[in-house]
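What follows is the residue order along each chain.
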Amino acid sequence: MEIDFTNLLIIVAIGFVAPMILGFFPAVRLPAVVLLIVAGIIVGPAVFGWVEVDEPVRVLSILGLAFLLFLAGLEIDYTRLRGHIATEAVSGFVASFGLALVVGLVLDSAGVVDDALLIAIILSATSLGVVVPVLRDSGRIDSDFGQLVIAAASIADFATIILLTLFFSGESPSVAGTLILLGGFLGVVALLGFAIAGTERLGAVRRVFRHLHGTTAELRVRGAFALLVGLTALATELGLELILGAFLAGSVLKLVDRESSAAREELMDKLDAVGYGVFIPVFFVTVGVGYDLGSLGDPATLAQIPIFVVALLVVRGLPALLYRRSFSRREVLVAGLLQATSLPFIVTATAIGTELGAISGGTAAAFVAAGLVTVVVFPATSLALLGGGRWGAHPRRGSAYSGGM
């Protein structure tokens, strides 16, 4: 069977050129993910029609989404999810989800959306991949403030993925059935984590890994990729969402990896190179290619964009007031802006909702546009308020792609 790679060629070319363009204009604080999506819209059916989503593009795009969630799982520092930081972060998310339910019901009653619960879940998410580079570039990542914001974003990431899987897994017959499958899946993940941790302690295994370290075998990278594909495949076979399997694969690897800090950092660098260098750009450009730009011609859809931006600020920004006893007003404002920044989860959840008929194409397009606004405006504003350097200056987790998650 002959396979045409023309569509994929254009997409990977965009993935190469986009960060280079931003590199020529270092003063522009724009995440490359925005440029990738906009370029996808331009070359896609909505404008020039040069690219369509064929099989090679679709497969690499799915892997890009999986890698994005996998790396998000690896971002979480579980040692920080304890004490008063964990308490405040959990309280903030509970408040956020409560507000999100109210906002979702209001929008549903007003006829703006069709499913209040899906809207509530989408509004409760935060882009962890944006939070990390902003705090890193401002020099606040290791402070109590930075740890709290990262913990809040991590909890939001994990909780919204679980909620989306629980209530909007299309192949499961009911919430109760999904809950049983989810419990079984989490049990398998836990057993796998213990098995990996036990295997790592075996002397023979450690000797093999040391012997092959630095060779073309790349055992640790291959093992990480096998874990990602394995848990993603298991999740989809059970009728759960692939994003859950990918996210938990990263979380498991983070928890069981007992190598030295230098070895962990080396593995992260390699996984970043594979993810952000190969698969993730394809996902974001493909999002643009499939974007329903025509629906924005409807005044009602355009009117939804500022509504969703304000809703994100209310749902994720207001709970940051819970931090005011511990931090300054400026820090609370920054925490609210960063918590209200979201895009990849919006893209994923709206796609799932559209497929299930829980959200219209116009509403999905407006929500993604609102997410684009948040990743363009909120991180740059936060960095300016914190007095940091140029956003995206750091080589790892602070690259232009880091604005994606």
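Residues numbered from 1 in each chain as written. Predicted model: local features only at pLDDT ≥ 70, side-chain atom pairs only at ≥ 80, totals over all residues. Heavy atoms only, no water.

### Some remarks on a positive patch on the surface
Step number 1: A surface patch of like charges, here positive, comprises Arg-201, Lys-254, Arg-258 and Arg-264.
Step number 2: When you line up the elements, Arg-201 lands in the loop between helix 8 (175–200) and helix 9 (203–212). (Patch = residues over 30% accessible without salt bridge, like charges linked within 9 Å, V, L, I, M, F, W, Y side chains within 5 Å. Areas by Shrake-Rupley, 256 points an atom, 1.4 Å probe, with all protein chains shown as cover. Salt bridge = Lys/Arg side-chain N within 4 Å of Asp/Glu carboxyl O. Lys, Arg positive; Asp, Glu negative; His and termini not counted. Charge placed at Lys NZ, Arg CZ, Asp CG, Glu CD. Helix = DSSP H or I, 4+ residues; strand = E, 2+ residues; numbered from the N terminus.)

### Quick notes on the environment of Val-375
Step number 1: Along the chain, Val-375 turns up in helix 16 (residues 361–386).
Step number 2: On the basis of relative accessible area, Val-375 is assigned to the buried category, the value being 0%.
Step number 3: As for Val-375 and Leu-337, which are separated by 38 residues in sequence, their C-alpha atoms are 9.9 Å apart. (Buried < 20%, exposed > 50% of the residue type's maximum accessible area, 1.4 Å probe, protein only.)

### Quick look at the nonpolar core
Step number 1: Grouped together as the largest cluster of nonpolar side chains are 131 residues, with contacts concentrated most on Phe-70, Leu-123, Leu-135, Leu-164 and Leu-271.
Step number 2: Apart from the residues lying within four places of it in its own chain, the contact partners of Leu-164 are Leu-118, Ile-121, Ser-169, Ile-243, Phe-345, Ala-349 and Ile-352. (Core = buried A, V, L, I, M, F, W, Y, C linked by side-chain atoms within 4.5 Å. Contact = heavy atoms within 4.5 Å.)

### Considerations on the pattern of salt bridges
Step number 1: Across all of its chains, the model carries 5 salt bridges by this definition.
Step number 2: Ionic pairing is found between Arg-58 and Glu-55, a salt bridge with its closest N-O pair at 2.6 Å. Residue Arg-58 and its partner Glu-55 are both found in helix 3 (residues 55–75); the two are separated by 3 residues, about one turn of the helix.
Step number 3: Classification of Arg-58 by relative accessible area gives partly exposed; the value is 39%.
Step number 4: One salt bridge in this structure joins Arg-140 and Glu-331, with 2.1 Å as the shortest N-O distance. Linking Arg-140 in the loop between helix 6 (128–137) and helix 7 (144–167) with Glu-331 in helix 14 (residues 329–339), this pair joins segments that are 191 residues apart in sequence.
Step number 5: In this structure, a network of salt bridges that share partners links the residues Glu-218, Glu-266 and Lys-270.

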